[in-house]
Structures are given as C-alpha cells and as structure tokens.
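Below are the chains, spelled out letter by letter.
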Amino acid sequence: MDGIHDLGGRHGFGKIDVNEPEEQFHDPYEARIRSIVNAMSRAPDWNLDWFRHCRELIDPVDYLSRPYFDQWAQTYCAMLINSGWATVEEVSTGKSNGPGPQLPPPMSAEDVRAAVFSAKRFDAPIEAAPAYELGQAVRASTSVPTGHTRLPIYARGRLGRIANHHGAHVFPDGNALNEKNHEHLYTVEFEVMELWPEATDVADTVSLNLWESYLELP
Amino acid sequence: MTKHDSHAIADVHHELHSHLPPEPALRAKALESLLVEKGMVDSAAVDAWIEAYSEQIGPKNGARIIARSWVDAEFRARLLADASEAITDLELQQGHLIAIENTAELHNLVVCTLCSCYPMGLLGMAPTWYKTAAYRSRSVREPRVVLDEFGVGLSADIRIKVWDSTAELRYMVIPQRPAGTDGWDEEKLAELVTRNSMIGTERDLSKYVGAQS
C-alpha cells in the first residue's frame, strides 16, 4: 500500500533530536505498553506482518503525531476489535462487558524469563533454487500491492545488484493475510545515484532486503 | 475470527481516533485493565517484562560482542560470516543477525524506513529518534547530513553504506577499535562501545578512551 508509513526519502520532517536521554523508556506508560504486548494472549492468526499492517493503517494524522508506543496500544486495540475479542466501548473504558475468548492462559512471570532472549527466526527450507545469483543486476518491481508489502516506494523500479542471499523467508505480503509462503530473500544494493536525482556521492549505497517477488530482470 | 482486511482495520482506527481516552497513559491503563478482566494478560508477567527491560535488556549485550570482536580475530571472522551462530557462545540471541564492520574507508548506518526494526535483544529499546519520521525519511536520502547532526563529520573519501531493515534480519554495526587501547581486556573495551556506534550514528570512540584509562 502507498501508506503514510513508507517514509524513506520523504522531505520536510526536520531535525533529529540527537540529545535524547539514553534511558530505554521515557515514560512509565511506554514500558507498560511494550510489556503488555509481550505478555498478552494472541490470536493464532495474528503475526508480525499483520501487526505491522494494522499499524500502517492508523489514521495518517495519528501516525505522524502520536507517540510510538501509544500507536502500539491503539494498534492492538484495533486488532482486538477486528478479531471480535473486544468492542470499541470496552477498549475505551477498560471495562469488560462479557467473557474473554477461549484461549490458553497468558504468559506468566515465570514464562518471561525464558522469553527475554528469544531467538525467533523467520527463514525456512525451500525446494526451489534461488532465481538470482550474487552480483546479478535486478530491478525492483513497480507493481503496487494494496495491502502490506516490504518493498519501499523509493526503491520501486530502481536498478540494483544482488549482494547477498539469505535463504527463504516468510513472504510478508501473504503473511499479513495469514498465508504462510516462503520465498528467497536477498540483500539488494542500490547506488544512491540510481535512487536520488540530487545524489553526488557516487560510491554511497543503500541496501534493502527484498523477496524474490519484488524483483525482476532489468 | 480475524478479518485480514485493510479497510476493516482502517475503519476501526478512525473510530478509535475519537473514542479512546485523551492521554497515552490513560489509553495504556484502559488496555491493561480490559485484558486483565478478560483473562488475556497477567499483570505479574507485565511487571516481569518491565524488570527484564531495566536489568537484562540493553546495549551492554551488544557492547560485549563488539569488544570480543576487537580482541579475537577468529570470533570476528565468525561474526561477519554468521553473526547469529557466532553469538550463541556468549549466551546472547538475536534472531537472524547480520554484523557489518566499519573500516577506515567505509561507514555503515542502519535504519528501518517502513517501521522500526532494531536488534532489541542486543541493543535494548530503539531510541525514539530511530523511530521518528525525520530519521526514517532522511537516513536513506541524505545520510551525510544526518551524520553531521549526530556530530559524525565524514570526509568525502569515506563511503557510506545505508542498511534499510526491510526483513526479519537485524543489523549491528561493528565500530572501529579506538587507538590507545592496546592490552585492554574485553570488559574494559566494552565500556567504550556506545549504543549509537552500533547503529552507525556515532563513529569515533576514541573520545571515551581517556575516561577509561
């Protein structure tokens, strides 16, 4: 989708706050939301790409103006409502009007210790041979899916080079619809001269991780 | 049943825009109260996560890896070849990790333009600036200007590689070992390694050497 989240290369956002204090959370509610999300029960048909897509779909004004973890809270509220587990009234008041869904019990404090350093990976075996080889020139697709995708607008149609191959990873466009297909994943390196009309640093590059469906022969 | 439908979610967000409590802290409280009432979250587990964030999760984990890579050439080679495998010896984990090294001619900078992907297991919470529209939009387009803002003035002969984290691979920059640290042990070296140097928004760590020696 051509969403507000797809920010690479956009102009007008101003300076970066380089003097931000180094603590991990700047307000107790941030740590609370992050931790609630880690600990809560999840629907079996939720996954990382569905969450990302639900965050991308926040009203664009809210996306650009609300604090980060506040957006997480609203995204999970939207997911709960969408899955039929809560109503708008319930998430607004914090009071339940009916029993919760039939689910395994949520994470206990004991479970947290094992989950802190999770090594979850998203690659999987695949039978098909990779379509591209290291060093090969490829062009990023110009097709624009209406749903979730991980090919940023700024790379669409641009010519790059295969710099690395990472085996097969779950394809995010499908995963956001709860369809588990794996595709070969590559690092594709683009020269900045190819990406940006004003670029002058000929040796600088931008590398993206792109799935095979995002690529075509030049 | 979840309806994996973009329009349905956008509609819910529009409704929530005008219904949720007015402050982030109140919205968080409402969400937690509701989940507890519905048996979908155990507040003791939430507290345990908060404790883990304050005690176990943070950039010290990444710094240990960098310090080891500075003193152990064999480890460094393994880290560059397969970082996930290399760090299991340190009892650290970070899903699918890629380590990228700065050199005298090359500087690496990590960003996630589409959301906020970050090697949390090794660096802790991403700084707020990493998640802002300003950093996400500008890092891929004018990295030298961004680095200038962070006080990293790169001469024109140093190449920049920007890494946009668009998949479930997480990048960690290996900064250069500063001069004047010969003979230092790993623990002392790790004290020099900053969070920003592992993201690529800091380059020269020599200014911390005096404070340690």
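Use the structure listed above.
So, a few notes on the structure that sits alongside this text.

Cut-offs used in this document
The numbers attached to residues start from 1 for each chain and follow its sequence in the written order. The order in which chains are written sets their letters, starting at A; the order in which ligands are written sets their numbers, starting at 1. Under the rules for a predicted model, residues below a pLDDT of 70 receive no local features and side-chain atom pairs below 80 are neither given nor counted, while totals for whole chains, interfaces and linings still include all residues. Exposure criterion: with C-beta atoms placed from backbone coordinates, a residue whose C-beta has 20 or more other C-beta atoms within 10 Å is buried, one with 12 or fewer is exposed, and one in between is partly exposed. Numbered from the N terminus, helices here are DSSP runs of H or I no shorter than four residues, and strands are runs of E no shorter than two. Pairs of strands are assigned from DSSP output, requiring at least two bridges between the strands. Any pair of residues counts as being in contact when their C-beta atoms, constructed from backbone geometry, are within 7 Å of one another. Residue classes follow a fixed rule: Ala, Val, Leu, Ile, Met, Phe, Trp, Tyr, Cys and Pro count as nonpolar, while Asp, Glu, Lys and Arg count as charged, and any other residue, Gly among them, counts as polar. Fitting a line to C-alpha atoms yields each axis, with helices limited to the stretch in contact; the angle taken between N-to-C directions then spans 0 to 180 degrees. Crossings are sorted by hand: turned counterclockwise from the far helix by less than a right angle, the near helix makes the crossing left-handed, and turned clockwise it makes it right-handed.

Turning our eyes to something else, we now look at the pairing of strand β5 (residues 205-211) of chain A. Residues and elements named next belong to chain A. For β5, a buried count of 7 out of 7 residues is recorded, marking the element as mostly surrounded by other parts of the structure. On β5, burial covers both faces: Thr205, Ser207, Asn209 and Trp211 on one face and Val206, Leu208 and Leu210 on the other are all buried. Direction of pairing for strand β4 (residues 182-191) relative to β5: antiparallel, over a ladder of 7 bridges. Note on β5: the bridge partner recorded for Phe190 is Val206.

The next thing to look at is the interface of chain A and chain B. Each partner contributes to the interface: chain A provides 97 residues, whereas chain B provides 82 residues. Broken down by secondary-structure element, the contributors of at least two residues to the side of chain A that touches chain B are α1 (28-39), α2 (48-56), α3 (60-65), α4 (68-82), α5 (88-93), α6 (109-115), β3 (159-170) and β5 of chain A. Of the residues forming the side of chain A that touches chain B, the biggest block, 9 residues, is contributed by α4(A). The residue inventory of the side of chain A that touches chain B, partitioned by class, reads 48 nonpolar, 29 polar and 20 charged. Of the strand pairs in this sheet, β5(A) and strand β3 (residues 159-164) of chain B are connected by 4 bridges, and their pairing is parallel.

Attention now moves to the packing of α1(A) against α4(A). All names here are of chain A. Orientation of α1 relative to α4, taken along the N-to-C sense of each, is 35°, at an axis distance of 9 Å. Judged by the sense of rotation from one axis to the other, the crossing of α1 with α4 is left-handed. Each of Glu30, Ile33, Arg34 and Val37 in α1 lies in contact with α4, whose residues at this interface are Phe69, Trp72, Ala73 and Tyr76. Taken together, the residues of the contact of α1 with α4 sort by class into 6 nonpolar, no polar and 2 charged.

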